Amino acid sequence: MAEHSIITGEGVELELPAATVLSRIVSSLIDYGLLTIAYTALIFSLASTFPDLNGAQVGTLIVSATAIFFWLVPALVTASSNGRSLGKLVTRTRVVRLDGGTITANQAFIRATAGILEVIGTLGLIATVASFVTKNSQRLGDMLAGTYVVRWPSRSAWEPRASMPRELAGWAQIAQTRALPIGLSLNVADFLKGRDRLTAQARQAQARALAAACEKYVAPPPPWGTPAEAFIEALTVIRYDVERRRFAQAAERRQRLGTREAEIPYGLDEAAWAQR
């Protein structure tokens, strides 16, 4: 198996490179640095109320604030942003499942819980050592949650060059698809962008592997005997059209909502409204 790769449900090996330890350290410094600043500011703002509280109340307040800032907030940010955070945006990294899919809320909370010990409790020492010695630069939280951090390319670098094959145009009209996992989608985009640089044998082998991994995300399957590369191109175009329509519909709904909010209530014109 390649040094940094995932195995799909069909047993196909696909590459999804892990983030470097240095990028993970920088990302953590940014994220936890901001959390520490916000936490310190809150404690100082509440310090004036401490004389009016007993020791148990002060302790409860500090423990609650610590849990919110260093456990709840990191977990919620990771879960709600599909594995991203400010530090990861800066370092162009992302947390994904071991199969390349989007991280779940349970996994985000497991990582955050382990992070209290290995990141906060030891100032990142355990997390750094674990990242150096594990295969995919995983810290303990990643190993417990079944996740790892990958290098995430910029949008422009992964735009595929694909067009609908003429022989699959009819099939594309009836094909129903669902979104590909993030890791698989990245591998498809990378293949379509760089396939011209591959040898004929490597290009064919990679196309077959990707096609096998993509088959379960479309129905009905393409006609028998369809070349793997043509199937990948057709599926990419179909998914692009689906997502483009979805975003266009969302933009239209937002525009209609904005127009309605700007209108005079109850359909009254300005003169009638002024007389009320």
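Residues numbered from 1 in each chain as written. Predicted model: local features only at pLDDT ≥ 70, side-chain atom pairs only at ≥ 80, totals over all residues. Heavy atoms only, no water.

1. Observations regarding the packing of aromatic side chains
Taken as a whole and judged by the stated rule, the model has four aromatic pairs. Each ring, one from Tyr 39 and one from Phe 69, has its centre 6.0 Å from the other, and the planes form 70°; the classification is edge-to-face. On the criterion of sequence distance, the pair formed by Tyr 39 in helix 1 (residues 21–46) and Phe 69 in helix 2 (residues 55–80) is long-range, its members being 30 residues apart. Judged by its relative accessible area of 16%, Tyr 39 is buried. Classification of Phe 69 by relative accessible area gives buried; the value is 16%. Between Tyr 39 and Phe 70 the ring centres are 5.3 Å apart and the planes differ by 65°, which places this aromatic pair in the edge-to-face class. (Phe/Tyr/Trp six-rings, centres within 6.5 Å; stacked < 30°, edge-to-face > 60°. Helix = DSSP H or I, 4+ residues; strand = E, 2+ residues; numbered from the N terminus. Buried < 20%, exposed > 50% of the residue type's maximum accessible area, 1.4 Å probe, protein only.)

2. Points about unusual backbone geometry
Glycine aside, residues mostly have negative phi angles, and peptide bonds mostly take the trans form. Of note, the amide linkage connecting Ala 219 to Pro 220 takes the cis form, showing an omega dihedral of -5°. Relative to the assigned elements, Pro 220 resides in the loop between strand 6 (218–219) and helix 10 (228–262). In this structure, Asn 82 is a non-glycine residue whose phi angle is positive, near 55°. The topology assignment puts Asn 82 in the loop between helix 2 and helix 3 (86–91). Positive phi outside glycine occurs at Leu 123, with the angle close to 55°.

3. Section: helix 4 (residues 105–121)
Residue pairs spaced three or four apart in an α-helix point in one direction, given the helix's 3.6 residues per turn. Its 17 residues give helix 4 an end-to-end C-alpha distance of 23 Å, which sits within 8% of 24 Å, the value for a rise of 1.5 Å per residue. At Gly 115, helix 4 shows its strongest bend, of approximately 45°. Looking only at helix 4, the buried set comprises Gln 107, Ala 108, Arg 111, Ala 112, Ala 114, Gly 115, Glu 118 and Val 119. Looking at the buried positions of helix 4, the neighbouring elements they touch are helix 1, helix 2, strand 3 (93–97), helix 5 (125–133), helix 6 (140–145) and strand 4 (147–151). (Expected span 1.5 Å × (residues − 1). Bend = angle between axes of the 7 residues up to and from the residue. Contact = heavy atoms within 4.5 Å.)

4. So, the packing of helix 1 against helix 2
Where helix 1 contacts helix 2, the axes come no closer than 11 Å and their chain directions differ by 155°. Comparing their axes, helix 2 and helix 1 come out roughly antiparallel. Helix-helix and strand crossings are classified by hand; for helix 1 and helix 2 the assignment is right-handed. In this structure, helix 1 uses Tyr 32, Leu 35, Thr 36, Ala 38, Tyr 39, Leu 42, Ile 43 and Leu 46 to contact helix 2, whose residues at the interface are Leu 61, Ile 62, Ala 65, Thr 66, Phe 69, Phe 70, Val 73 and Pro 74. A breakdown of the residues in the contact of helix 1 with helix 2 according to their chemical character gives 14 nonpolar, two polar and no charged. (Axes fitted to C-alpha atoms, helices over the stretch in contact; angles between N-to-C directions. Parallel < 35°, antiparallel > 145°, perpendicular 65-115°, else oblique. Left-handed = near helix turned anticlockwise from the far one by under 90°. Nonpolar A, V, L, I, M, F, W, Y, C, P; charged D, E, K, R; others polar.)

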